[in-house]
Amino acid sequence: MTLTIGVLALQGDVREHLGALESSGVQPIPVRRPAELEVVDGIVIPGGESTAMSRLLGVFDLYDPLVSRLRAGLPAYGSCAGMILLASKILDTRADARHLDALDITVRRNAFGRQTESFETNLQFAGITDDDGAEPMHAVFIRAPWVEETGPGVEVLATVESGPATGRVVAVRQENVLATSFHPEVTGDLRVHQFFIDMVATA
Ligand code: GLN
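The notes below deal with the structure included here. (Residues numbered from 1 in each chain as written. Predicted model: local features only at pLDDT ≥ 70, side-chain atom pairs only at ≥ 80, totals over all residues. Heavy atoms only, no water.)

Here's the deal with the overall build of the protein
- The helix and strand inventory of the protein stands at six helices and twelve strands.
- Since a compact globule built from 203 residues should have a radius of gyration of about 17 Å, the 15 Å found for the protein is in line with a globular shape.
- Its C-alpha atoms give the protein principal-axis dimensions of roughly 45 × 40 × 30 Å.
- Considering the protein as a whole, with its 203 residues, one finds that 52% of them fall into the buried category.
- Relative to all contacts within the protein whose residues are 6 or more apart in sequence, the contacts with residues 24 or more apart total 64%.
- Considering the protein, the positive charge centre built from 16 side chains and the negative charge centre built from 27 side chains are found 9 Å apart. (Helix = DSSP H or I, 4+ residues; strand = E, 2+ residues; numbered from the N terminus. Rg over C-alpha atoms; globule rule 2.2 N^0.38 Å. Buried < 20%, exposed > 50% of the residue type's maximum accessible area, 1.4 Å probe, protein only. Contact = heavy atoms within 4.5 Å. Lys, Arg positive; Asp, Glu negative; His and termini not counted. Charge placed at Lys NZ, Arg CZ, Asp CG, Glu CD.)

Examining the side chain of Thr 4
- In this fold, Thr 4 is placed in strand β1 (residues 4-8).
- The residues touching Thr 4, leaving out its near neighbours within four places in the chain, are Gln 27, Ile 29, Val 39, Val 40, Asp 41 and Gly 42.

Things to note about the site of the ligand
- Near the ligand, the surroundings consist of Gly 47, Gly 48, Glu 49, Ser 50, Cys 80, Ala 81, Ile 84, Arg 109, Asn 110, Ile 142, Arg 143 and His 183.
- Within the backbone of Ala 81, an N or O atom sits 3.0 Å from an oxygen atom of the ligand.
- Considered on its own, the ligand offers 300 Å² of accessible surface; in the complex 95% of this is hidden by protein.
- In a pocket analysis with a 2 Å cut-off to the grid points, the ligand is assigned to the second largest pocket.
- Tallied by class, residues from the shell around the ligand come to four nonpolar, five polar and three charged. (Near = heavy atom within 4 Å. Polar contact = N/O pair within 3.5 Å; in protein donor to acceptor, adjacent residues only side chain to side chain. Areas by Shrake-Rupley, 256 points an atom, 1.4 Å probe, with all protein chains shown as cover. 1 Å grid on protein atoms, 1.4 Å probe; cavity = no way out; pocket = protein on both sides within 12 Å on 5 of 7 lines; lining within 4 Å. Sits in = over half its atoms within 2 Å of the grid points. Nonpolar A, V, L, I, M, F, W, Y, C, P; charged D, E, K, R; others polar.)

Side note on the environment of Pro 145
- With respect to the helices and strands, Pro 145 occurs in the loop between β8 (137-142) and β9 (146-150).
- Assessed through its relative accessible area of 0%, Pro 145 is described here as buried.
- C-alpha separation for the pair Pro 145 and Asp 13, spaced 132 residues apart in sequence, amounts to 16 Å.
- Sequence-distant contacts of Pro 145, defined by excluding residues within four places in its chain, comprise Cys 80, Met 83, Ile 84, Val 107, Arg 108, Arg 109, Asn 110, Ala 111, Phe 112 and Ser 181.

Focus on the pairing of strand β6 (residues 103-108)
- Strand direction decides the pairing type here: strand β5 (residues 87-91) and β6, joined by four bridges, are parallel. Across the sheet, Leu 91 pairs through a bridge with Arg 108, a residue of β6.
- Of the strand pairs in this sheet, β6 and β9 are connected by four bridges, and their pairing is antiparallel. Opposite Arg 108, over in β9, you have Trp 146 as the bridge partner. (Pairing = 2+ DSSP bridges.)

Some thoughts on the pattern of salt bridges
- Tallied over the full model, the rule gives six salt bridges.
- In this structure, the salt-bridge partner of Arg 108 is Asp 92, at a minimum N-O distance of 3.0 Å. Pair noted here: Arg 108 is in strand β6 and Asp 92 is in the loop between β5 and β6, with a separation of 16 residues, a long-range link.
- Overall, the relative accessible area of 24% leaves Arg 108 in the partly exposed class.
- For Asp 189, the salt bridge goes to Arg 191, with nearest N and O atoms at 2.9 Å.
- On the basis of relative accessible area, Arg 191 is assigned to the partly exposed category, the value being 24%. (Salt bridge = Lys/Arg side-chain N within 4 Å of Asp/Glu carboxyl O.)

Side note on the nonpolar core
- Of all hydrophobic cores here, the largest spans 36 residues; its most connected members are Phe 112, Phe 125, Phe 141, Leu 178 and Phe 182.
- Of all elements in the fold, only β1, α1 (14-23), β7 (118-123), β8, β10 (155-159), β11 (169-174) and α6 (191-202) reach the threshold of two or more residues within this core.
- Ranked by residues supplied to this core, first place goes to α6 with six residues.
- Aside from chain neighbours lying at most four places away, what touches Phe 182 is Tyr 77, Ser 79, Cys 80, Leu 123, Phe 125, Met 137, Ala 139, Val 140, Phe 141, Val 170 and Ala 171.
- Core analysis: the second largest hydrophobic core is formed by 35 residues, Ile 43, Tyr 63, Met 83 and Val 172 among them. (Core = buried A, V, L, I, M, F, W, Y, C linked by side-chain atoms within 4.5 Å.)

Quick look at helix α3 (residues 50-59)
- Burial of α3 is extensive: seven of the ten residues sit out of reach of the surface.
- Ser 50, Thr 51, Ala 52, Met 53, Ser 54, Leu 56 and Leu 57 are the residues of α3 that are buried.
- Elements in contact with the buried residues of α3: β1, β3 (42-45), α4 (63-71) and α5 (81-86).
- Just past α3, the residue Asp 61 takes up positive phi, approximately 55°.

See below:
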């Protein structure tokens with residue numbers, strides 16, 4: 001049976017994630033209403049602007065249904081703003097921003113600072129680049145958050161390996177929830193989406 005994976009389609013780089021999922025062989029659907037959320041086997045929360053997405057989750061009556069599906073174990077993958085929304089604690093956000101509290105991490109928004117607002121680098125990604133002969137992952141960061149603290153159940157999958165932010169945590173997983181500070185949906189490298197699809201398939 002083909003998996004159906006939703007992309008939260010309120011704001012941000014929705015189209016890129018839909019394309020990456022389609023190229024990875026699953027059925028992608030944009031999610032804007034509770035009825036669409038009900039039919040998905042997993043959900044992607046795209047990059048964009050986390051405070052805008054937070055507000056729109058309320059406007060579209062999706063906040064409560066999404067929180068309750070996440071609590072019930074719906075697999076989720078957040079990139080960049082999506083990582084921020086999934087986190088349990090956010091530093092440097094608006095006081096009224098709501099989040100989904102599905103991943104036991106503290107994230108700092110726009111953490112890489114003015115000089116490095118956007119940058120690209122190569123990374124090792126546990127479970128992906130450790131395969132025999134695998135290429136490192138090219139990671140694109142755009143006003144990205146980093147993970148400042150991880151709870152006991154959280155696995156670190158990637159860190160920055162060079163430059164001023166060396167050692168900063170930029171990919172994590174806790175059970176069915178995956179998050180990256182960077183944007184694999186813009187590089188044509190489908191390995192992170194495939195990794196998430198495997199998580200959905202085994203959930
Ligand atoms: N800085 C954005 C935020 O706070 C995230 C940027 C992105 O998703 N590319 O939501």
